[in-house]
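# A structural walkthrough
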Amino acid sequence: MRWWDIDPVLQLEKDLFPEDAWSRGMFWSELAHARGAGATRRYVVAVADGRIVGYAGLAAAGDLADIQTIAVARDHWGTGLGGRLLTELLRAATAFDCAEVMLECRIDNVRARKLYERYGFEAIGFRRGYYQPGNVDALVMRLNTDSTGGSAAGPASEQGTEIHG
């Protein structure tokens, strides 16, 4: 993801997460930490037919990575794109030498939860009222990359979609 991707990413963000969408400033802040020798973030976009149809981001600190966001346009749900984006983030976690990858998932987002479980993430707790407004709980999930040799399930394929960092 580059700065010029922020506007189309924001459109997708607002469509998918209308109550708790990230702001332009949040994306700018994340991208500020995604370049150079001291980078601690990895953000990617998926492009199909010239439009951004997905994006994902990861933050690393020491041997711990945290998946910040994964989003897929509604017209690409069920195509494997979420898995491809997750695979890119897991590769980044490996490149950052992270032994564990953590994430929070809305408790009511069954589609996302199943994706994470397919890749080996396990539920380890809850964060009550984490998503605001709406007071929706988050399921905290963890993947120990040491036990999987730093890799997860193979990437799913979707023709015509490219992932760009």
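Residues numbered from 1 in each chain as written. Predicted model: local features only at pLDDT ≥ 70, side-chain atom pairs only at ≥ 80, totals over all residues. Heavy atoms only, no water.

Below, the discussion takes up unusual backbone geometry. Cis geometry is adopted by the peptide bond preceding Pro133, which originates at Gln132 and carries an omega value of -10 degrees. Looking at the secondary structure, you find Pro133 in the loop between β5 (122–131) and β6 (136–144). Positive phi outside glycine occurs at Asp49, with the angle close to 50 degrees. Residue placement: Asp49 occurs in the loop between β1 (41–48) and β2 (51–61). Classification of Asp49 as exposed rests on a relative accessible area of 83%. Not every positive phi belongs to a glycine, and Asn135 is a case in point at roughly 55 degrees. Here Asn135 shows up in the loop between β5 and β6. By relative accessible area, Asn135 is classed as exposed at 52%. (Helix = DSSP H or I, 4+ residues; strand = E, 2+ residues; numbered from the N terminus. Buried < 20%, exposed > 50% of the residue type's maximum accessible area, 1.4 Å probe, protein only.)

Let us now look at the packing of helix α1 (residues 6–16) against helix α2 (residues 24–32). Put simply, α1 and α2 touch, their axes get as near as 10 Å, and they point 125 degrees apart. In terms of axis orientation, α1 runs oblique to α2. As α1 runs across α2, the sense of the crossing is right-handed. Only Arg24, Phe27, Trp28 and Leu31 of α2 make contact with α1, whose side of the interface consists of Ile6, Asp7, Val9, Leu10 and Glu13. Of the residues contributing to the contact of α1 with α2, the split by class is six nonpolar, no polar and three charged. (Axes fitted to C-alpha atoms, helices over the stretch in contact; angles between N-to-C directions. Parallel < 35°, antiparallel > 145°, perpendicular 65-115°, else oblique. Left-handed = near helix turned anticlockwise from the far one by under 90°. Contact = heavy atoms within 4.5 Å. Nonpolar A, V, L, I, M, F, W, Y, C, P; charged D, E, K, R; others polar.)

Confidence in the prediction of the protein, expressed as mean pLDDT, is 89, and 88% of residues score 70 or more. Every residue in residues 148–159 scores below 50 in pLDDT, and together they form 23 contacts with partners more than four places removed in sequence or on other chains. (pLDDT = per-residue confidence, 0-100.)

Taken together, the side chains of Trp3, Trp4 and Trp28 present a nonpolar region at the surface, about 420 Å² in accessible area. On the secondary structure map, Trp4 appears in the segment before α1. (Patch = residues over 30% accessible without salt bridge, like charges linked within 9 Å, V, L, I, M, F, W, Y side chains within 5 Å. Areas by Shrake-Rupley, 256 points an atom, 1.4 Å probe, with all protein chains shown as cover. Salt bridge = Lys/Arg side-chain N within 4 Å of Asp/Glu carboxyl O.)

Once that is clear, we can look at the environment of Gly62. In this structure, Gly62 sits in the loop between β2 and β3 (64–72). Judged by its relative accessible area of 62%, Gly62 is exposed. Residues Gly62 and Ala99, spaced 37 residues apart in sequence, show a C-alpha to C-alpha distance of 9.0 Å. With residues near it in sequence (within four places) discarded, Gly62 still touches Phe96, Asp97 and Cys98.

Here Thr145 lies in the loop between β6 and β7 (161–164). Relative accessible area serves as the criterion here: at 5%, Thr145 is assigned to the buried category. A distance of 2.7 Å separates a polar side-chain atom of Thr145 from the backbone oxygen of Cys98. (Polar contact = N/O pair within 3.5 Å; in protein donor to acceptor, adjacent residues only side chain to side chain.)

With the rule as written, the count across this model stands at ten salt bridges. A salt bridge links Asp15 to Arg74, with the nearest nitrogen and oxygen atoms 3.3 Å apart. Residue Asp15 is located in helix α1, and its partner Arg74 is located in the loop between β3 and α3 (81–95); the two are separated by 59 residues in the primary sequence. One salt-bridge network, in which partners are shared between bridges, spans Asp20, Arg106 and Asp108.

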